[in-house]
Each structure stands twice: as C-alpha cells, then as structure tokens.
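Overview (structure and organization)
One letter stands for each residue in the lines below.
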Amino acid sequence: MSDRLSERRDVVRSLPAYKQGAAEGADAVKLSSNENPYPPLPSVVSEIAAQMSDPLSGFNRYPSMGAEPLRAAIAARHGVTPEQVAVGAGSVEVASQLIHAVAGAGDEVIFAWRSFEAYPILTVVSGATPVPVPLTADLHHDLDAMAAAITDRTRLILLCTPNNPTGTTLGAEEVERFLARVPENVVVAIDEAYVHFNRDPHAVSGVEMVARHPNVIALQTFSKAYGLAGLRIGFGIGSVDLCDDLRRVAVPFAVSGVAQRAALASLEHEDELTERVERIVAERGRVTEELRGQGWSVGDSQANFVWLATGDDTARIDGVLREEHVFARCWQGEGIRLSIGSPAENDRGLAALAKAVKGAPVPAV
Ligand SMILES: *Cc1c(COP(=O)(O)O)cnc(C)c1O
C-alpha cells in the first residue's frame, strides 16, 4: 500500500463511528433516535403503494435526479424558486453535499459542540479540519466564540437549531448579529431538522435568513416532523449558485422515487401532520414537567426530545433504563437525550426514570 493510501485509510479508521440509537426486545421502547412515533399518513402510504405498480416509475426504474415536482412544491411552500432547492437522501446527505462542495484539505469547518454527531464525521471525510466550539454552560451555541474561531481557512459554519442533543435554540437577532461578523465568502448552514417542533417566538428561521444573506443555506428534513426517516429525504434552501453546486457533487440517484413521492404527498397533507406535531409538542411539555417533578435537571427543549443533564451519573441511569427496556441516547459523563414518543411510550420512559432517580438524587446543574 502506498504511504498516501495508508495515511488516508488511517484517517478513515480513526473516524468516530456514527452511533445509531438502539432498542432490543419485544416490549422495548425506542426513545433513542428522535423518530416520529406515528406511522406515515394513510394518503402517504397509498402513494408509496402506487409507486410500486407504476410502469414508468416502478422500482425497476431509476428515480428522477432532478426531483422537479418535489422541488417545485418545497419552493412554493417556502416562497423561493425551485432552483434554490437541493434535495438529498436525508438532510444528512445534503449536509454531506454541502461540505464536499465548499471544503477540502486545509479548510476549516466550525460547529458547536456538543451538537449533531454527523458534523465531525462528514468534515473529516471531505478532508477538511473540524473546529468544534464548546457550548455555553447553559448548553447554547457560543456565537461569540464561534465568530472568534473564524480564520482565513474557514469555509463553512454549521449552526444547529434546535440543537441536537440539547434542544436549545438560536434567536433571530443573535444570528443576525453573528452573520454580520461572518465574511461573505464563508457559508453558514442553519440545520433546522426540528424546526416544526419549535414554539420559541424569537427563534431564527433559517429559510428567512436565506432571503437576506446569500451565504446562508437552511437544511430541513422529512425524517422528523413528517415521519419519513426510513425513506431518506431532506433538502436545502439557499442561493441558486450554491444549490447548483450541491447538485453537482450529489451521489447520482441517491434519492429514491418513492421518497420523492411520499415527501410530495406529505406536503399536500401538511395540516394532518401538523396535528401530530402538536401532540408531540404537548407531550414534550408533559414529559418535561414530570421529569422536573421527579427531581431531574431538564432544560427547555424546542425539539422532539429532552436533554437530562445527568453528568457522571449517566451510565448508572442508562443501566436502570435498559433494565426497564427503555432505550434513550446516552453520552457517558454528559447527559441523556430522551426522544418524545407516543403517550404510552413516554409513560414507560417516565416510570423507568422514576426508578432511576430513587438510586441517588441527581444534583441540579
Ligand atoms: C435528524 C437530524 C437530521 C436529519 O437527518 P436525515 O434523516 O438525514 O434527514 C439533520 N440534522 C440534525 C441535527 C438531526 O438531528
């Protein structure tokens, strides 16, 4: 093996593995992946069935690469042109396209940490250098520190709001002030995978920022609020130039025809989906209050999960949850991210955590 090849493979082998939320057992409650607890709408399921028997777009055919009808519908929904929409196999793939399009060897990509675990992986894969900037003590993005981290090698800044896994949001005004400090030749991605769950009236809208700032791209997904995580479809909204570049670097045919069709049907039935989102938001409020009542330190989350600051007690609590067949996403030494499921699933989660809290009182942060 040549030295360059073995160096490259060393880089690949040193990547942190993306950890998928787990769940095992017949009575398992999976609150580890921020999935929507509700199955797709009947109208979406019938679109998926229709796709199978369509002679021109059945599974024996390649899907449309342009995804024109879907991009037109997304554009109409958000008041932009279809050329300003780029699609991908989940918004993770759109983020991957973006990083490949703008950053390579020697370039830097800034993001808050802890945040979405795909960011450092995608950055290293593209050959660029991750620049993680610690969250503030109250688990918000530290925008001053992120602005101070910009160098002449910075190509991209990723903002995650609501932030995965802490649920904290960025305000419109603070993002405006931040963007004023970012050079125009640095791209800022606002990852709003959980935007539909956000009830903070002062929160930033990534899509609105795109209209005023040509270097901003908003990333959204059909995986969370729309409940299509398994079909893999997400999109970016940005300038025509940037979205053209994303299309150039995209893996051909990564977005299936069935995903495009299901996403289109979901947009057509958005009010039915909104009703489900409202149920999840209401459950988030109930779960937060009950957990605080049990004595846990839980922040205000604007996403479909809550963050328990469990610190050094995390491993023990995770053990109790697993005994109860409740699966959350745990970061040893930091905290636990508990997704909001159906009311019955949330009750199981709350009951398991009630058992865990008896073991040792958790200090408030
Ligand atoms: C879930 C999530 C996504 C979207 O994932 P896809 O399923 O690939 O669309 C993107 N960003 C964050 C922060 C997420 O948590």
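Cut-off values and rules
- All chains use their own residue numbering, which begins from 1 and follows the written sequence.
- Totals for whole chains, interfaces and linings use all residues, but because this is a predicted model, local features are given only for residues with pLDDT of at least 70 and pairs of side-chain atoms are given and counted only at 80 or more.
- Where side-chain values are given, they derive from all heavy atoms of the structure, hydrogens and water being excluded.
- A 1.4 Å probe that fits into a set of points on a 1 Å grid over the protein atoms alone but cannot get out defines a cavity; an open set with protein on both sides within 12 Å along at least five of seven lines defines a pocket, and lining residues are those with an atom within 4 Å of a point.
- Grid points are joined across faces, edges and corners, and a volume is the space filled by probe spheres set on the points.
- In this entry, domain limits derive from an automatic or database-based domain assignment.
- Paired strands, in this sense, are two strands between which DSSP finds at least two bridges.
- Secondary structure elements are defined from DSSP: runs of H or I of at least 4 residues count as helices, runs of E of at least 2 residues count as strands, and each element is numbered from the N terminus.
- Between N-to-C directions, angles cover 0 to 180 degrees, with each direction set by a line fitted to C-alpha atoms, over the stretch in contact for helices.
- Here, two residues are considered to be in contact whenever any of their heavy atoms come within 4.5 Å of each other.
- In this analysis, the expected span of each helix is defined as 1.5 Å times one less than the number of residues it contains.
- Partly exposed describes any residue whose relative accessible area lies between the buried limit of under 20% and the exposed limit of over 50%, with all areas from a 1.4 Å probe on protein chains only and scaled to the type maximum.
- By convention in these notes, a salt bridge is any Lys or Arg side-chain nitrogen within 4 Å of a carboxyl oxygen on Asp or Glu.
- Near, as used in this document, describes a residue that has one of its heavy atoms within 4 Å of the molecule or strand being considered.
- Counting of polar contacts relies on pairs of N or O atoms within 3.5 Å, with two restrictions inside protein: one atom must be capable of donating a hydrogen and the other of accepting it, and residues adjacent in sequence are counted only when both atoms are side-chain atoms.
- Accessibility throughout is a Shrake-Rupley quantity obtained with a 1.4 Å probe, and a residue counts as covered only by protein chains that appear here.
- If over half the atoms of a molecule are within 2 Å of the grid points of a cavity or pocket, the molecule is regarded as sitting in it.
- Under the convention adopted here, Pro, Cys and the residues Ala, Val, Leu, Ile, Met, Phe, Trp and Tyr are nonpolar, Asp, Glu, Lys and Arg are charged, and Gly plus all remaining residues are polar.
- Summed over both partners, the accessible surface that disappears when two parts come together, traced with a 1.4 Å probe, is what is meant by buried area.

Empty space among the atoms can be located by rolling a probe the size of a water molecule over them. Its boundaries defined by the atoms lining it, the largest pocket holds a volume of some 670 Å³. Lining the largest pocket are 33 residues, and of these Tyr18, Ser33, Val92, Phe116 and Lys224 lie nearest its centre. Residue-level mapping places the lining of the largest pocket at the junction of two domains, with at least three residues from each of domain 1 (3–40 + 271–359) and domain 2 (42–269).

Sheet architecture is open: 4 strands sit in the order E1-E10-E11-E9, paired in mixed fashion. The open sheet has two edge strands with one neighbour each: strand E1 (29–31) and strand E9 (305–308). Across the sheet, the mean angle separating the axes of adjacent strands is 30 degrees when strand polarity is ignored. Its contacts with the sheet place helix H11 (residues 270–294) against E9 and strand E11 (335–339), and it is angled at close to 20 degrees to E9. Across the sheet, helix H12 (residues 314–323) is in contact with strand E10 (326–331) and E11; its angle to E10 comes to roughly 165 degrees.

Under the 1.5 Å per step criterion, the end-to-end length of helix H4 (residues 91–102) is 16 Å for 12 residues, consistent within 8% with the ideal 16 Å. With 9 of 12 residues buried, H4 is to be regarded as a mostly interior element. Among all positions in H4, only Ser91, Glu93, Val94, Ala95, Ser96, Gln97, Leu98, Ile99 and Val102 are buried.

To continue, consider the pattern of salt bridges. Following the criterion strictly, the structure yields 23 salt bridges and no others. Salt-bridge contacts for Glu108 lead to Arg153; the nearest nitrogen and oxygen are separated by 3.2 Å. Linking Glu108 in strand E3 (residues 108–113) with Arg153 in the loop between helix H6 (143–148) and strand E5 (154–160), this pair joins segments that are 45 residues apart in sequence. The class for Glu108 is buried, based on a relative accessible area of 11%. Arg153 gets classed as partly exposed once you look at its relative accessible area, which sits at 40%. Residue Asp144 pairs with Arg181 through a salt bridge whose shortest N-O separation is 2.8 Å. Within this pair, whereas Asp144 is found in helix H6, its partner Arg181 is found in the loop between helix H7 (172–180) and strand E6 (187–191), the two being separated by 37 residues in sequence. Owing to a relative accessible area of 46%, Arg181 belongs among the partly exposed residues under this scheme. Here the salt bridges do not stand alone but share partners, grouping Glu283, Arg286, Glu290 and Asp347 into one network.

As a further point, take the site of the ligand. Surveying the vicinity of the ligand reveals 13 residues, the closest of which are Ser91, Tyr194, Thr221, Ser223 and Lys224. One of the side-chain N or O atoms of Asp191 is found 2.8 Å from a nitrogen atom in the ligand. Note that an oxygen atom of the ligand is positioned 2.6 Å from one of the side-chain N or O atoms of Ser223. Summarising the interface, the protein chains cover 94% of the accessible area of the ligand, which totals 380 Å² for the free molecule. Among the cavities detected, the one that contains the ligand is the largest pocket. Its residues placed into classes, the shell around the ligand shows 5 nonpolar, 5 polar and 3 charged.

How big an interface is tends to be reported as the loss of accessible area on association of its parts. By domain assignment, the chain separates into domain 1 (3–40 + 271–359) and domain 2 (42–269). Of note, the centres of domain 1 and domain 2, computed from C-alpha atoms alone, are 23 Å apart. Contacts between the two partners involve 29 residues from domain 1, matched on the other side by 31 residues from domain 2. When domain 1 packs against domain 2, the two sides together hide about 2700 Å² of surface, and 59% of this comes from carbon and sulfur. In terms of surface lost to domain 2, no three residues of domain 1 exceed Pro40, Leu273 and Gln302, which account for 24% of the buried area on that side.

With that settled, the discussion passes to empty space enclosed by the protein. Taken as a whole and assessed by the stated rule, the structure comprises 1 cavity of 30 Å³ or more. Reported here for the largest cavity is a volume of approximately 50 Å³. Lining the largest cavity, in full, are Ile74, Arg77, His78, His196, Gln220, Phe222, Tyr226, Phe235, Leu267 and Glu270. Of the residues forming the lining of the largest cavity, the biggest block, 3 residues, is contributed by helix H3 (residues 68–78). The residue makeup of the lining of the largest cavity, split by class, is 5 nonpolar, 3 polar and 2 charged.

A separate point is unusual backbone geometry. Note: most peptide bonds trans; most residues except glycine with negative phi. Omega for the bond connecting Trp113 with Arg114 falls within 30 degrees of zero, at 15 degrees, which places this linkage in the cis form. By the secondary structure assignment, Arg114 is in the loop between E3 and helix H5 (118–125). Here the amide bond leading from Thr161 into Pro162 is cis, since omega sits at -10 degrees, within 30 degrees of zero. Its identity is not glycine, yet Asn34 carries a phi of approximately 55 degrees, on the positive side. Position of Asn34 among the secondary structure elements: in the loop between E1 and helix H2 (42–53). The exposure class assigned to Asn34 is buried, which follows from its relative accessible area of 1%. The backbone phi angle of Ala67 is positive, close to 50 degrees, even though this residue is not glycine. Residue Ala67 is classed as buried on the basis of its relative accessible area of 0%.

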